[in-house]
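Given next are the chains, with one letter for each unit.
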Amino acid sequence: MRKNIVAGNWKMNLNRTEGIALVEAVLSKLPVDNKTHVILAPSFVYLHKAAKICSNIPKVVAASQDCSANKKGAFTGEVSASMIASCSARYVVLGHSERRVNFNESNELLKEKVAQAFSSNLKVIFCCGESLKQREDLVHFDWLKSQISESLFHLSSDDFANIVIAYEPIWAIGTGVTASTDQAQEVHAFIRNLLVDKYGNEVAESTSILYGGSCHPKNAIELFSQKDIDGGLIGGASLNADDFVAITQSF
Ligand code: PEP
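Residues numbered from 1 in each chain as written. Predicted model: local features only at pLDDT ≥ 70, side-chain atom pairs only at ≥ 80, totals over all residues. Heavy atoms only, no water.

S.K.: What is the right way to read the layout of surface pockets from this model?
M.R.: One water molecule sets the probe size; rolling that probe over the atoms shows where empty space is left. Here the largest pocket is characterised by a volume of approximately 490 Å³. What lines the largest pocket is a set of 20 residues, among which K11, M12, Q65, D66 and R99 lie closest to the centre. Partitioned by chemical class, the residues of the lining of the largest pocket number 8 nonpolar, 7 polar and 5 charged. Put simply, the second largest pocket is a space of about 180 Å³. In terms of lining, the second largest pocket is formed by 15 residues, of which the most central are G174, S214, I234, G235 and G236. Its residues placed into classes, the lining of the second largest pocket shows 5 nonpolar, 8 polar and 2 charged. (1 Å grid on protein atoms, 1.4 Å probe; cavity = no way out; pocket = protein on both sides within 12 Å on 5 of 7 lines; lining within 4 Å. Points joined across faces, edges and corners; volume = space filled by probe spheres on them. Nonpolar A, V, L, I, M, F, W, Y, C, P; charged D, E, K, R; others polar.)

Here it is as structure tokens:
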């Protein structure tokens, strides 16, 4: 059975005091019978504290927004997967388009990051998504297939239990333009079919595929009602506790 997941990607926002206050606000507003798996991805700087606060709350865990492709050593400024795991985080977000575009992260590099994450027992939220030009040129399906297959398809079926895929069309991230429900469902079904072809039904049917891109409380219910949309990766709206919690309850 696929998990319903809502993850908040806080990006480079909120200082430590503000970030911890947001963790506490989210936890205080989640209903006691919350059924959604909630993942908070704050800055590295207070990831440990955030993860500790979440540690006694059922179905809520912390994630980092990235990890190094290297195990350890002379990589000034980098943060390794084992450091992240030692902070009690459970997930790492990899391949966000802001990292692919601004930091030139390639499919090959992301494959190495996935390996590092797995070697430290971190689960991966693997992001993929096309630009507006790619969609207009009708190459978006090929692009998504190469992003997913080149970084993930060396993995075993068992490994895939630790992968969540996030489809985030670049043209919808932080723009206020959301993919239509049909556009999002179409791509999610395409991704799930890629998994069927590569790994079979069991893996495909147990992998959560999240939508990301200007998701907010008003559009989440319709998006999450789609057959192949198992939740969301939320940027801007995750910085507001009421909005974020409302999205987590949109199934
Ligand atoms: C994101 O950055 O992962 C994202 C989906 O951002 P936003 O919700 O702000 O579009």
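S.K.: What is the right way to read unusual backbone geometry from this model?
M.R.: At K59, a position not held by glycine, the phi torsion is positive, near 70°. Tracing the backbone shows K59 in the loop between α2 (47-54) and β3 (60-64). Judged by relative accessible area, which is 37%, K59 ranks as partly exposed. A positive phi angle is found at S88, which is not glycine, with a value near 70°. Locating S88 in the fold gives a position in the loop between α3 (81-86) and β4 (91-94). (Helix = DSSP H or I, 4+ residues; strand = E, 2+ residues; numbered from the N terminus. Buried < 20%, exposed > 50% of the residue type's maximum accessible area, 1.4 Å probe, protein only.)

S.K.: Where do I start with the site of the ligand in this structure?
M.R.: Around the ligand sit 14 residues in total, of which K11, H96, E168, G174 and S214 are the nearest. In the model, an oxygen atom of the ligand is placed 2.5 Å from a nitrogen or oxygen of the K11 side chain. Between the ligand and H96 there is a distance of 2.8 Å, counted from an oxygen atom to a side-chain nitrogen or oxygen. Contact with the protein chains hides 95% of the accessible area of the ligand, taken as 290 Å² for the molecule alone. Because more than half of its atoms lie within 2 Å of the grid, the ligand is assigned to the second largest pocket. (Near = heavy atom within 4 Å. Polar contact = N/O pair within 3.5 Å; in protein donor to acceptor, adjacent residues only side chain to side chain. Areas by Shrake-Rupley, 256 points an atom, 1.4 Å probe, with all protein chains shown as cover. Sits in = over half its atoms within 2 Å of the grid points.)

S.K.: What's the story with helix α5 (residues 107-119) in this structure? I'm lost.
M.R.: Helical geometry note: an α-helix holds 3.6 residues per turn, so side chains three or four residues apart project in the same direction. If you check α5, its first and last C-alpha atoms are 18 Å apart, about what 13 residues at 1.5 Å a residue would give, namely 18 Å. Within the sequence span of α5, burial applies to N107, L110, K113, V114, Q116, A117 and F118. A positive phi of about 60° marks N121, the residue just after α5. (Expected span 1.5 Å × (residues − 1).)

S.K.: Hey, could you run me through the nonpolar core in this one?
M.R.: A general feature of soluble globular proteins is that nonpolar side chains tend to end up buried together. V124, I148, L152, F160, I163, I165 and Y211 are the most contacted members of the largest nonpolar core, which totals 65 residues. Discounting residues that sit within four places of it in the chain, V124 has contacts with Y91, V92, L94, V114, A117, F118, N162, I163 and V164. Counting 14 residues, the second largest nonpolar core, distinct from the first, contains I5, I39, I125 and V164. (Core = buried A, V, L, I, M, F, W, Y, C linked by side-chain atoms within 4.5 Å. Contact = heavy atoms within 4.5 Å.)

S.K.: I tried to follow the side chain of Q226 on my own but got confused; where do I start?
M.R.: Relative to the helices and strands, Q226 is located in the loop between α11 (217-224) and β8 (231-234). Of the polar contacts made by the side chain of Q226, one reaches the side chain of S225; its length is 3.5 Å. When residues no more than four places from it in sequence are discounted, the contact partners of Q226 are T181 and Q185.

S.K.: Where do I start with the pairing of strand β1 (residues 5-9) in this structure?
M.R.: Looking along a regular strand, one sees side chains alternate from face to face of the sheet. Of all 5 residues in β1, 5 are buried; the element is thus mostly enclosed. The alternating pattern of β1 places I5, A7 and N9 on one face and V6 and G8 on the opposite face, and all of these are buried. Relative to strand β2 (residues 37-41), β1 runs parallel, the two being bridged by 5 bridges. From the neighbouring strand, V6 faces β2, where its bridge partner is V38. For the segment spanning β1, helix α1 (residues 16-29) and β2, crossover handedness is right-handed. In this structure, β1 lies alongside β8, joined through 4 bridges in parallel fashion. Bridge pairing links G8 to I234 in β8. (Pairing = 2+ DSSP bridges. Right-handed = clockwise from strand over helix to strand, strands pointing away.)

S.K.: Even after reading the chapter, I still don't get the packing of aromatic side chains, so can you show me in this structure?
M.R.: Here the distance between the centres and the angle between the planes together describe a pair of aromatic rings. Inspection of every chain in the model, using the stated rule, returns 5 aromatic pairs. Measuring from centroid to centroid gives 4.7 Å for F224 and F251, while their planes differ by 20°, and the two rings are stacked. Within this pair, whereas F224 is found in helix α11, its partner F251 is found in the segment after α12 (241-248), the two being separated by 27 residues in sequence. With a relative accessible area of 40%, F251 lands in the partly exposed category. Each residue in the set F153, F160 and Y199 is aromatic and connected to the rest through ring pairs, giving one cluster. A cation over a ring is seen here: R99 above F103, with NZ or CZ 4.2 Å from the ring centre. (Phe/Tyr/Trp six-rings, centres within 6.5 Å; stacked < 30°, edge-to-face > 60°. Lys NZ or Arg CZ within 6 Å of the ring centre and 35° of its normal.)

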